[in-house]
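Structure assessment
Residues per chain, in single letters:
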Amino acid sequence: MKLVLASASPRRQQLLKLLGLDFQVLTADIDETLDSAQPLASAIQDLARRKARAVQEQLPERPADLYILAADTVVVLEGQILGKPANAREAEAMLQFLSGRPHQVMTGVVLLRADGESCYSDYAVTEVTFRPLTANEIRAYVATGEPLDKAGAYGIQGLGSLLVDRINGCYYNVVGLPLVKTMQLLRQAGWRILS
Ligand SMILES: Cc1cn([C@H]2C[C@H](O)[C@@H](COP(=O)(O)OP(=O)(O)OP(=O)(O)O)O2)c(=O)[nH]c1=O
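Residues numbered from 1 in each chain as written. Predicted model: local features only at pLDDT ≥ 70, side-chain atom pairs only at ≥ 80, totals over all residues.

**Observations concerning the overall build of the protein chain**
Across its full length, the protein chain carries 6 helices and 7 strands. Moving toward the C terminus, one meets the helices and strands of the protein chain in the order β-α-β-α-β-β-α-β-β-α-β-α-α. Relative to its length of 195 residues, the protein chain is compact, with a C-alpha radius of gyration of 17 Å against a globular reference of 16 Å. Every one of the 195 residues in the protein chain was classed for burial, and the buried ones make up 35%. Here the analysis covers contacts within the protein chain between residues at least 6 apart in sequence; of these, 69% occur between residues at least 24 apart. (Helix = DSSP H or I, 4+ residues; strand = E, 2+ residues; numbered from the N terminus. Rg over C-alpha atoms; globule rule 2.2 N^0.38 Å. Buried ≥ 20, exposed ≤ 12 C-beta atoms within 10 Å, placed from the backbone. Contact = placed C-beta atoms within 7 Å.)

Pasting the structure below:
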């Protein structure tokens, strides 16, 4: 069994390493627009599937023992979906919006067999509550640059940890790859992990 991680996210690479598996990393540029006609849980799995398919198309060979793993993470508050901020101003607005109340972080994960014969997918939801943030804290955090490539404009694994009052659910999901869900997909495909 061989595995390809279809992701440019260094966080996803680090998290997948925690499972102790060998894998290669490949990336493909795709339009990351979510399909707003679908419920969000389906739309993020759909986008993860498109990431996996874009990498599948680049493969010179597509053997049945090769699988492609892809994921997509979004932050949701009051029905608003927060992806990655376009600039510092948008990052500040997102953090102001998230300040002092609970929001959801959702990740869709997909495991596609390279020959296209099977595709397993799932999603995870974690509730994260920020403490009330001051305008100064928000400005100073955005000035570090950390928020700019992250959904919801924060990284819980970095300085963003200082914004968080509590979390309920999978921590790794917030960082971009829910590890138990990922293990379950890999097991469905035949990987032996902790078994
Ligand atoms: C909320 C949160 C998000 N993030 C990151 C995880 C994802 O990398 C990113 C959300 O964007 P994604 O579009 O899910 O992923 P990506 O574009 O970084 O990588 P790729 O599509 O190539 O796999 O936000 C954190 O690192 N920490 C956090 O606390």
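**Considerations on the UniProt feature "active site" (unreviewed entry) in the protein chain**
Mapped onto the present numbering, the UniProt feature "active site" (unreviewed entry) falls at Asp-72. Secondary-structure assignment places Asp-72 in strand S3 (residues 66-77). For Asp-72, a count of 25 C-beta atoms within 10 Å corresponds to the buried category. Apart from the residues lying within four places of it in its own chain, the contact partners of Asp-72 are Ile-44, Leu-47, Ala-48, Lys-51, Thr-107 and Gly-108. (UniProt positions renumbered as here; feature names shortened; annotations may be inferred.)

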